[in-house]
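Given next are the chains, with one letter for each unit.
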Amino acid sequence: MTDVRTIVEQYIAVWNETDAGKRRALVAGVFTEGAGYTDPLGSVAGHDGIDQFVAGAQAQFGGLTFSLPAEPDAHHDLARFQWYLGTPGAEPVAIGFDVVELEDGRIAKVHGFLDKLPG
């Protein structure tokens, strides 16, 4: 299986890339063409949908970055991991947990869960 840590780090990089052109290139490299993303705040499909969803989150949480607090856990073509959103060195303002389905070394589906949201 492809190095899951690398895939998850690339996924986090998508969420942190604020340059639209660079982010779009990352989306194309990380996600399959028909990839889907679902969390409590929305459900989108395809590179355009994912890119627009990420851009919307960046507009809402400008200046904050995503990070991985621990190693991803994976088996077969599935991986799960927790993420933090905040300022480095400070208490995260949001915490989530994602499960991704992998296909040929790329993400085919994201199932996102939100554990902590800003007040």
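Numbering of residues begins from 1 in every chain and follows the order in which that chain's sequence is written. Whole-chain, interface and lining totals are the exception, using all residues; otherwise, since this is a predicted model, local features are given only for residues with pLDDT of at least 70 and side-chain atom pairs are given and counted only at 80 or more. Hydrogens and waters are ignored; side-chain quantities use all the structure's heavy atoms.

1. Considering the UniProt feature "domain: SnoaL-like" (unreviewed entry) in the protein chain
Spelled out, the test is: UniProt positions are given in the numbering used here, feature names are shortened, and annotations may be inferred rather than shown by experiment. Note on conventions: DSSP H or I runs of at least 4 residues are helices, E runs of at least 2 residues are strands, and numbering of each starts at the N terminus.
In the UniProt entry, the feature "domain: SnoaL-like" (unreviewed entry) is given for residues 8–109. With 34% helix and 41% strand, residues 8–109 has end C-alpha atoms that lie 13 Å from one another.

2. Digging into the side chain of His47
Basically, it comes down to this: Each residue's exposure class comes from its accessible area (1.4 Å probe, protein chains only) as a fraction of the maximum for that residue type: buried when under 20%, exposed when over 50%, partly exposed otherwise. Residues count as neighbours in contact if any of their non-hydrogen atoms are within 4.5 Å of one another.
Mapped onto the elements of the fold, His47 is located in helix α3 (residues 46–60). Given a relative accessible area of 7%, His47 falls into the buried group. Among residues more than four places away in sequence, those in contact with His47 are Arg24, Val27, Ala28, Phe31, Thr32, Glu33 and Arg106.

3. Looking at the nonpolar core
We count it as follows: Put simply, a nonpolar core is a bunch of buried Ala, Val, Leu, Ile, Met, Phe, Trp, Tyr and Cys residues held in one set by side-chain atoms that sit within 4.5 Å of each other.
Counting 27 residues, the largest nonpolar core has Tyr11, Trp15, Phe31 and Ile107 as its most contacted members. Of all elements in the fold, only α1 (4–16), α2 (20–30), β1 (31–39), α3, β5 (78–86), β6 (94–103) and β7 (106–116) reach the threshold of two or more residues within this core. A total of 7 residues in this core trace back to one element, the largest contributor, which is α1. Each residue touching Phe31, except ones within four places of it in the same chain, is listed here: Tyr11, Val14, His47, Ile50, Arg106, Ile107 and Val110.

4. A look at the side chain of Arg23
Defined as follows: Throughout this description, a polar contact denotes any pair of N or O atoms lying within 3.5 Å of each other; where both atoms belong to protein, one of them has to be capable of donating a hydrogen while the other can accept it, and for residues adjacent in sequence the pair is counted only when both atoms sit in side chains.
Within the secondary structure, Arg23 is located in helix α2. Judged by its relative accessible area of 5%, Arg23 falls in the buried class. Reaching out from Arg23, the side chain makes a polar contact with the side chain of Gln58 at a distance of 2.9 Å. Apart from residues no more than four positions distant in its own chain, Arg23 is found in contact with Val14, Glu17, Thr18, Asp51, Val54, Ala55 and Gln58.

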